[in-house]
Amino acid sequence: MGETSAPTSIKGFEERLLQVSEKLPKRLRQCADYVASNKDRIAVSTVAEMAEGAGVQPSAFMRFCQILGFSGFSEMQKLFRESYVGGWPDYSTRLHHLREKAEGSPSALLAEFVEAGRTSLEGLLKTVDPAALEEAVKTLAAADMVHIIGMRRSFPVASYMAYAFEKMGVPAMLHSAVGKLDNRHAVRSGDALLAITFAPYSAETLDIVEAVSARGIPVVAITDTIVSPLRKSNAQTLLVSEVDFGAFRSLSATLCLAITLSVAVGTARQEN
């Protein structure tokens, strides 16, 4: 894989990452996946911390930076520091005192999850492209029926949107795969599919997106990174990044985006 010039913007960085990610060997793909999910950490982390997060040696992470076109991690970090100057507050020590005194208590857990949710919400405006959001609303509002699929941890988001659409008079169908039923053939011409999935991505969701997209039916996707497999399906993609606490990931930002979509689509249909 030949060397090339470094990206000069965050958009260029994301395009380069998407371009090279599938061609990388396992260790370097780990770097790509970690960076795609944690772009907010680049500006404030060391190369050792980024490598540890990706589960690789610092030398492998440095090689990954070079494949993207940078001379090393410092040059890549400079891009993010210049682009996001003042925009990345450090939350790592805010609850340190509470954890020391009440680690594992319900009140400490609540504080941790509140902090994770707040951080996720603050990042939502940075990850969702306003133009993409407008197009997604137009697509869903114009559909005869909105089909919604979201499995495992995405299911609460999918089920909420089905509930909200029903209350606002938007024709919608929730695909839940209950009893292993595959309802992809219920998606007809003139409909649209709203798919929600995050790493590790639901195979059922990816399958129905691929099948529906192949038939020329529009797909709106809510997912987590620019290297999500949903981006291969020509879906109108809305990216949302959630902050982890331990092994549990917040859904705060995702549900906020879901509420926004539901209300915007309901409003658009009433105006038409």
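Residues numbered from 1 in each chain as written. Predicted model: local features only at pLDDT ≥ 70, side-chain atom pairs only at ≥ 80, totals over all residues. Heavy atoms only, no water.

- The name given to the protein chain in an unreviewed UniProt entry is RpiR family transcriptional regulator, with Ciceribacter lividus as the source organism.

1. Some remarks on the packing of aromatic side chains
- Inspection of the entire model under this criterion finds four aromatic pairs.
- Ring plane angle 40° and centroid distance 6.2 Å describe the contact between F13 and F70, whose orientation is recorded as tilted. Within this pair, whereas F13 is found in helix α1 (residues 10–21), its partner F70 is found in the loop between α4 (58–67) and α5 (73–83), the two being separated by 57 residues in sequence.
- With relative accessibility at 4%, the residue F70 sits in the buried group.
- An angle of 45° between the planes, with centres 6.5 Å apart, marks the rings of Y160 and Y163 as tilted. You can see Y160 and its partner Y163 sitting in helix α9 (residues 155–167), three residues apart, about one turn around the helix.
- Overall, the relative accessible area of 29% leaves Y160 in the partly exposed class.
- Clustering of aromatic rings is evident, with ring pairs tying together F61, F64 and F73. (Phe/Tyr/Trp six-rings, centres within 6.5 Å; stacked < 30°, edge-to-face > 60°. Helix = DSSP H or I, 4+ residues; strand = E, 2+ residues; numbered from the N terminus. Buried < 20%, exposed > 50% of the residue type's maximum accessible area, 1.4 Å probe, protein only.)

2. Section: the sheet that holds strand β2 (residues 172–175)
- Ordered by their spatial adjacency, five strands build an open sheet running β2-β1-β3-β4-β5, and the pairing between neighbours is parallel. The open sheet has two free edges, formed respectively by β2 and β5 (236–239), since each of these has just one partner strand. Each strand axis lies, on average, 20° off the axis of its neighbour in the sheet, ignoring direction.
- As paired strands, strand β3 (residues 192–196) and strand β4 (residues 219–223) are joined by four bridges and run parallel to one another. Pairing of I196 across the sheet is with I222, part of β4.
- Against the sheet, helix α8 (residues 130–142) touches β1 (146–150), β3, β4 and β5, its axis set at about 130° to β5.
- Packing of α9 onto the sheet brings it into contact with β1, β2 and β3, and relative to β1 it is tilted by some 155°. (Pairing = 2+ DSSP bridges. Axes fitted to C-alpha atoms, helices over the stretch in contact; angles between N-to-C directions. Contact = heavy atoms within 4.5 Å.)

3. Regarding helix α3 (residues 47–54)
- Every buried residue of α3 is listed here: M50, A51 and A54. The buried side chains of α3 occupy one side of the element, clustering within an arc of 100° when seen end-on. (Arc of directions from axis to C-beta.)

4. Overview of the pattern of salt bridges
- Enumeration according to the criterion identifies six salt bridges in this entry.
- For E15, the salt bridge is made with K11, and the minimal N-O distance between the two is 3.5 Å. With a gap of four residues between them, E15 and K11 both fall in helix α1, about one helical turn apart.
- You can call E15 partly exposed: its relative accessible area is 46%. (Salt bridge = Lys/Arg side-chain N within 4 Å of Asp/Glu carboxyl O.)

5. A few points about unusual backbone geometry
- The backbone phi angle of R152 is positive, close to 50°, even though this residue is not glycine.
- Tracing the backbone shows R152 in the loop between β1 and α9.

6. Topic: the pairing of β2
- Examined bridge by bridge, β1 and β2 share four bridges and lie parallel to one another. Bridge pairing links H147 to M173 in β2.
- In this fold, β1 hands off to α9, which returns the chain to β2; that crossover is right-handed. (Right-handed = clockwise from strand over helix to strand, strands pointing away.)

7. What about the confidence of the model for the protein chain?
- In this model, the protein chain carries a mean pLDDT of 81, and residues with pLDDT of at least 70 account for 85%.
- Taken together, the stretch residues 85–95 has pLDDT below 50 and engages in 17 contacts with residues farther than four places along the chain or on a different chain. (pLDDT = per-residue confidence, 0-100.)

8. Regarding the packing of α8 against helix α11 (residues 252–271)
- In contact at an axis separation of 9 Å, α8 and α11 are set at 55° when each is read in the N-to-C sense. In terms of orientation, α8 and α11 fall into the oblique class. Taken as a pair, α8 and α11 cross one another with a handedness that is right-handed. Residues L133, A136, V137, L140 and A141 of α8 lie in contact with α11, whose contacting residues are L257, T260, L261, A264, V265, A268 and R269.
- Among the residues forming the contact of α8 with α11, the class breakdown is 10 nonpolar, one polar and one charged. (Parallel < 35°, antiparallel > 145°, perpendicular 65-115°, else oblique. Left-handed = near helix turned anticlockwise from the far one by under 90°. Nonpolar A, V, L, I, M, F, W, Y, C, P; charged D, E, K, R; others polar.)

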